[in-house]
Structure formats: C-alpha cells, structure tokens
Amino acid sequence: MDEIIKREAVYLWYYFDVQFRQIFFYWLWGMLLGSAVSVFLKERIHGAFRFLGEKRPGALGIFAASALGIASPLCMYGTIPIAASFSKSGVRDDWLAAFMMSSALLNPQLILYSAALGVTALAVRVASCFLCGAAALLIHCFCHEKSFFSFKGFEYPGSRDTDPNLPARYLKNVWRNAVATGPYFLAGVALSALFQRYVPADLVTKTFGGNEAFGVLTAATAGVPLYACGGGTIPLLQACLADGMSLGSASAFMIAGPATKITNLGALKIVMGAKRFILYLVFVMIFALATGLSVNFFI
C-alpha cells in the first residue's frame, strides 16, 4: 500500500511540476501587467468611458464600450459600482451593458495568462469576448427607451491604491493580486495534475471533442459550476486541449464560466431584476454554444 501511495505521489508531483513550469510565467507576467493597468491606467480607461458618454456616438459607442471593458482591470463585482457612477453621469444602458459584459469576461491580466493556451485560442477568446459585449446592440434595439439597469444602492468604491509613492503603490497592488489569484493558480495546477493522471485522454476526446455539438454544450454547462477564477481554469483547459478537447468547447467554457460566476450573478440579479436576469442567463448559454460551434466550424 505504501509503495502505491509513493508511486502515485511521484506521478502527481511530476505532472504538477511540468504544468507549473508551463504556466507559471504566464501567470506572473499577467499579474504584473494587471497590477500595472490597475495602478497606472485604470482611471484613464474609466475616464475614456466617461468621455465617450459625453460624445454620444450612438450605437457605435457600444463597440468602443466593449473594448474599454476588456481593457478595464476590474471584475464584474468591482465594475458594477463604477457602472453605477457612469449611469449617474448619463451614460446609456446599452453602453454600460457592453462595458460590464466584456469586463466580466476578460481583462488585461487574463489576456496574457490565456496566451498559455496558444495564439489561436487567445485570439478566439479576445474576439468572442469583444463580440459578447457588443451584443448589447440587442438592448439598443429592443430597450432603447427603457431603463435596463437599476443601480440604486451602489456607490463608487474608494481605490485601495492610495500610497503616494508610485513604486510602493504598484508593489502593494502586485501583492494583493498575488494573494487573490495565487491560491486559484496553484489549485488549478493541482487539479490539472490529477486530471492528467486519472482521466483517460480518450474520455476527454469523446466528451469534448468527438461529438462537437454535445461537447460544446457540455463544456458551456460545465463552465457554470466549475468556474471560480480565470487563472485557476487555464491549467485545466491546457490539459483538456492537449487530451483532445476541441477549441470550440474550450471557447464555450471561457464564455459561460466567467459570465455565470457566482460572485457576478449575485450583483447582476440586483441591478437587472429577476426577468432580465433570466434573459441574461439564456443569452449567455446561447452565445457560448453559438461561439463554440462557430469556432469548431471555421477553425
């Protein structure tokens, strides 16, 4: 029995070490970039969004809002109070929807981290997240004269980056970032090691790659309960792709997961109300499925 435990420990350490070496520098550079954006560029990005609201470029502003949402370093729960302040200053709900949606799906840190999946997967992720945010055109078309969000009770949060010394401010942000994402990163690598050791590659291929429609639907559905942190899912996705998961299935997971993250859903239900919240969930699953099938068809 002891020999079996030692043998399995050696195998698991081997897989953990290999995965850690492959992923670590993407996580590190992504964290350093994310902190740099948060400390030095966050206010400029949000200022650009306010400026966009003053210019009022109509429906075309939705595309700019989606791009600015990706550039924003905040998660959905941090974005909503800021969106509330934008709303007070007169920014339209369709622009807010684009900004919030793309911000929930992607940020500069996660862009660099996702590069570990390969150039094609990274390009697909950036493009699909941008288009998901731009889908706020639906709000522009069908709810143009109505208020889509209710931000009552949300106030603009105070910044934690207040140290007057810029290098110290940056290092403090990096430390908070490491504390927040590090455990998820290590858990993702550990889960990937377990996955590679005990889940047969042909099972992954059959589930997520063999029947493309079923695989995409399964991946999108799995993203709902399994997605906790973007950094933690990258090692697992890398292992799944290596074992035969289709890129479309991975894309569906990367849309449905962050869009239905538990911490995001609680805040969204408050600002959207029950009926629109259900519509949001339906839209996310349909978009994730359509994205996955399109990726498998064209790539």
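For the structure given in this document, a descriptive report is provided here. Residue numbers run consecutively from 1 along every chain, following the written order of its sequence. In view of the model being predicted, local features appear only for residues whose pLDDT reaches at least 70, and side-chain atom pairs are presented and counted only at 80 or more, with totals across whole chains, interfaces and linings using the full set of residues. Only heavy atoms go into the side-chain values, all of them from the structure, while hydrogens and water stay out.

Basic side-chain nitrogens of Lys or Arg form a salt bridge, by our definition, when they fall within 4 Å of a carboxyl oxygen of Asp or Glu. What the rule picks out here adds up to 4 salt bridges. Arg-197 is paired through a salt bridge with Glu-8; the nearest N and O atoms lie 2.8 Å apart. One end of the pair, Arg-197, is in helix α8 (residues 166-198); the other, Glu-8, is in helix α1 (residues 2-55), and 189 residues separate them in sequence. Here Arg-197 falls in the partly exposed class, since its relative accessible area comes to 25%. Only protein chains enter the area calculation, which uses a 1.4 Å probe; residues under 20% of their type maximum are buried, those over 50% are exposed, and those in between are partly exposed. Residue classification places Glu-8 among the buried positions, given a relative accessible area of 13%. A salt bridge links Arg-92 to Asp-94; its shortest N-O distance comes to 2.6 Å. In the salt-bridge network here, residues are joined through shared partners; they are Arg-7, Glu-8 and Arg-197. Only DSSP runs of H or I with at least four residues qualify as helices, and only runs of E with at least two residues qualify as strands; both kinds are numbered from the N terminus onward.

Take the environment of Ala-116 next. One can find Ala-116 in the loop between α5 (108-114) and α6 (119-134). Taking C-alpha positions, Ala-116 is 33 Å from Ile-4, a pair spaced 112 residues apart along the chain. Not counting residues within four places of it along the chain, the set of residues in contact with Ala-116 comprises Ile-23, Tyr-26, Ile-234 and Gln-238. Throughout, a residue-residue contact means that at least one pair of heavy atoms, one from each residue, lies within 4.5 Å.

With respect to the secondary-structure elements, Met-272 resides in helix α13 (residues 262-272). On the basis of relative accessibility, which here comes to 9%, the residue Met-272 falls in the buried class. Counting along the chain gives 130 residues from Met-272 to Phe-142, while the straight-line C-alpha distance between them is 15 Å. Ignoring any residue separated from it by four or fewer positions in sequence, one finds Met-272 in contact with Phe-148, Phe-149, Phe-277 and Tyr-280.

Definitions used for this entry: grid spacing 1 Å over protein atoms alone; cavity, a set of points where a 1.4 Å probe fits but cannot get out; pocket, an open set with protein on both sides within 12 Å along at least 5 of 7 lines; lining residue, one with an atom within 4 Å of a point. Grid points are joined across faces, edges and corners, and a volume is the space filled by probe spheres set on the points. Considered as a void within the structure, the second largest pocket measures approximately 530 Å³ in volume. Taken together, 21 residues make up the lining of the second largest pocket; nearest its centre are Leu-138, Ile-139, Phe-148, Tyr-280 and Phe-283. When residues of the lining of the second largest pocket are traced back to their parent elements, those giving at least two are α4 (93-105), α6, α7 (137-142), α13 and α14 (274-298). If one sorts the elements of the lining of the second largest pocket by residue count, α14 sits on top with 4 residues.

Moving on, we come to α14. What a helix is expected to span follows from its residue count: subtract one and scale by 1.5 Å. The first and last C-alpha atoms of α14 sit 36 Å apart over 25 residues, in line with the 36 Å expected at 1.5 Å per residue. Of all the positions in α14, only Phe-277, Tyr-280, Val-284, Phe-287, Ala-288, Thr-291, Gly-292, Val-295 and Asn-296 are classed as buried.

For this analysis, a ring pair means two rings from Phe, Tyr or Trp (six-membered ring only for Trp) whose centres lie within 6.5 Å, classed as stacked if their planes differ by under 30 degrees, edge-to-face if by over 60, and tilted for the remaining angles. Summed over all chains, the structure comprises 15 aromatic pairs. Pairing Phe-16 with Phe-20 gives two aromatic rings, centres 6.1 Å apart and planes at 15°, and the pair type is stacked. In this pair, Phe-16 and Phe-20 are both assigned in helix α1, 4 residues apart and thus about one turn of the helix distant. For the pair Phe-24 and Phe-185, a centre-to-centre distance of 6.4 Å together with 55° between the ring planes defines the contact as tilted. Linking Phe-24 in helix α1 with Phe-185 in helix α8, this pair joins segments that are 161 residues apart in sequence. By relative accessible area, Phe-24 is classed as partly exposed at 22%. Its relative accessible area of 1% is what places Phe-185 among the buried residues.

What follows is about the state of the cysteines. Linking two cysteines covalently through their sulfur atoms gives a disulfide. Cysteine sulfur atoms are paired as a disulfide whenever they fall within 2.5 Å. On inspection of all chains with the given rule, the structure shows 0 disulfides. In this structure Cys-129 is a free cysteine whose sulfur lies 7.1 Å from that of Cys-132, the closest cysteine sulfur available. Note on Cys-129: relative accessible area 0%, which makes it buried.

Take a nonpolar patch on the surface next. Residues forming no salt bridge and having over 30% relative accessible area are the ones grouped into patches, like charges within 9 Å of each other and nonpolar side chains (Val, Leu, Ile, Met, Phe, Trp, Tyr) within 5 Å. Note on areas: Shrake-Rupley with a 1.4 Å probe; residue coverage comes only from the protein chains shown. Judged by side-chain polarity, Met-1, Ile-4 and Ile-5 come together as a nonpolar surface patch covering roughly 340 Å² of accessible area. Along the chain, the position of Ile-4 falls in helix α1.

Attention shifts here to the packing of α4 against α6. Lines fitted to C-alpha atoms define the axes, with helix axes restricted to the stretch in contact, and inter-axis angles between N-to-C directions lie between 0 and 180 degrees. Two elements in contact, α4 and α6, have axes separated by 7 Å at closest approach and are oriented at 155°. By the angle between their axes, α4 is roughly antiparallel relative to α6. Where α4 crosses over α6, the handedness of that crossing is right-handed. Across the interface between the two elements, Ala-98, Met-101, Ser-102 and Leu-105 of α4 pack against Arg-125, Cys-129, Cys-132 and Gly-133 of α6. All amino acids are sorted into three groups, where Ala, Val, Leu, Ile, Met, Phe, Trp, Tyr, Cys and Pro are nonpolar, Asp, Glu, Lys and Arg are charged, and the leftover types, Gly among them, are polar. Partitioned by chemical class, the residues of the contact of α4 with α6 number 5 nonpolar, 2 polar and 1 charged. Here roughly perpendicular refers to angles of 65 to 115 degrees, roughly parallel to angles under 35, roughly antiparallel to angles over 145, and oblique to all remaining angles. Each crossing is labelled by how the near helix is turned from the far one, with a counterclockwise turn of less than a right angle marking it left-handed and a clockwise turn marking it right-handed.

All right, on to the nonpolar core then. By size, the foremost hydrophobic cluster in this structure holds 80 residues, and its most contacted members are Phe-49, Leu-96, Phe-149 and Phe-151. Here this core takes 9 residues from α1, the largest share from any one element. Apart from residues no more than four positions distant in its own chain, Phe-149 is found in contact with Asp-93, Leu-96, Ala-97, Met-100, Val-271 and Met-272. The criterion is simple. A nonpolar core is a set of buried Ala, Val, Leu, Ile, Met, Phe, Trp, Tyr and Cys residues joined through side-chain atoms within 4.5 Å.

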